[in-house]
Amino acid sequence: MSKKEKAMDLFKQGYNCSQAVLLAFAEELGIDETTATSIATPFGGGMGRMREVCGAFSGLLMAVGLKYAPKDPKDQAAKAAHYALVQQLADEFKKQNGSIICRELLGLPGPQSPTPEPRTPQYYQKRPCAEMVGSAAEIFEKLLQTKNS
């Protein structure tokens, strides 16, 4: 199973978008599943269903930070390179999906009730979230392959 498929499967099991992406890579990132799930929880629904930055994209950035963040806070060149990578990944996510903003991806006006919707077949038919999760996982998987080659 590819990481894209794994992340999409995790989302369909009930994990939020951010959790599904980060959890798909937990082993490679050296974190346990409980930690990955906990770290990513607040970012689902565009940050607590506020429909801001897409949770799938946030999960991708968490993975990037865990794997590639500069270790020295005073290393300005490393920070700049890392932020350039973040911008490159944002451009790729936008190219594939149209935006990194949850409400724009879902066609919603803004924040919603904090209560998540039930995950019914109708939910999955009207929401492109599983595809966003797959896209984010695929982008990170390609990054891992590029940086490890």
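What you are looking at is a predicted structure, and each value in this text was computed from that prediction instead of being measured.

## Thoughts on the packing of helix 2 (residues 17-24) against helix 4 (residues 33-40)
Taken N-terminus to C-terminus, the directions of helix 2 and helix 4 make an angle of 145 degrees; their axes are 8 Å apart at the nearest point. Seen from above, helix 2 lies across helix 4 with right-handed handedness. Across the interface between the two elements, Ser18, Gln19, Leu22 and Leu23 of helix 2 pack against Glu33, Ala36, Thr37, Ile39 and Ala40 of helix 4. Taken together, the residues of the contact of helix 2 with helix 4 break down into five nonpolar, three polar and one charged.

## Notes on the packing of aromatic side chains
We describe a pair of aromatic rings using the distance from one ring centre to the other and the angle between the two ring planes. In total, this model carries four aromatic pairs according to the counting rule given. Geometrically, the ring pair formed by Phe11 and Tyr124 is edge-to-face, given 6.0 Å between the ring centres and 85 degrees between the ring planes. Residue Phe11 is found in helix 1 (residues 3-12), and its partner Tyr124 is found in helix 9 (residues 121-126); the two are separated by 113 residues along the sequence. We classify Phe11 as buried; its relative accessible area is 2%. By relative accessible area, which is 25% here, Tyr124 ends up partly exposed. Taken together, a centroid distance of 5.4 Å and an interplanar angle of 50 degrees make the contact between Phe57 and Phe93 tilted. One end of the pair, Phe57, is in helix 6 (residues 55-68); the other, Phe93, is in helix 7 (residues 76-97), and 36 residues separate them in sequence. Across this residue pair, the class does not change: Phe57 and Phe93 are buried. Above the ring of Phe11, the side-chain terminus of Arg119 is found at 4.1 Å from the ring centroid. One Lys or Arg, Lys147, reaches over the ring of Tyr68 and ends 5.1 Å from the middle of that ring.

## Some words on helix 4
Residues of helix 4 that are buried include every one of Ala36, Thr37 and Ala40, and no others. The buried residues of helix 4 occupy an angular sector of 95 degrees when projected down its axis, which confines them to one face. The inward-facing, buried residues of helix 4 abut helix 2, helix 3 (26-29), helix 5 (44-47) and helix 6. Sitting at the head of helix 4, Asp32 places a side-chain oxygen 3.0 Å from the backbone nitrogen of Thr34.

## Looking at the packing of helix 7 against helix 10 (residues 129-148)
For any two helices packed against each other, one specifies the inter-axial angle together with the distance between the axes. Where helix 7 meets helix 10, the closest approach of the two axes is 10 Å, and the angle between their N-to-C directions is 135 degrees. One way to sum up the angle between helix 7 and helix 10 is to call them oblique. In this structure, the crossing between helix 7 and helix 10 has a hand that is right-handed. Where helix 7 approaches helix 10, its residues Leu85, Leu89, Glu92, Phe93, Gln96 and Asn97 are matched on the opposing element by Met132, Ser135, Ala136, Glu138, Ile139, Leu143 and Lys147. Of the residues assigned to the contact of helix 7 with helix 10, the class counts are seven nonpolar, three polar and three charged.

Reading guide: rules and limits
- Residues numbered from 1 in each chain as written.
- Predicted model: local features only at pLDDT ≥ 70, side-chain atom pairs only at ≥ 80, totals over all residues.
- Heavy atoms only, no water.
- Axes fitted to C-alpha atoms, helices over the stretch in contact; angles between N-to-C directions.
- Helix = DSSP H or I, 4+ residues; strand = E, 2+ residues; numbered from the N terminus.
- Left-handed = near helix turned anticlockwise from the far one by under 90°.
- Contact = heavy atoms within 4.5 Å.
- Nonpolar A, V, L, I, M, F, W, Y, C, P; charged D, E, K, R; others polar.
- Phe/Tyr/Trp six-rings, centres within 6.5 Å; stacked < 30°, edge-to-face > 60°.
- Buried < 20%, exposed > 50% of the residue type's maximum accessible area, 1.4 Å probe, protein only.
- Lys NZ or Arg CZ within 6 Å of the ring centre and 35° of its normal.
- Arc of directions from axis to C-beta.
- Polar contact = N/O pair within 3.5 Å; in protein donor to acceptor, adjacent residues only side chain to side chain.
- Parallel < 35°, antiparallel > 145°, perpendicular 65-115°, else oblique.

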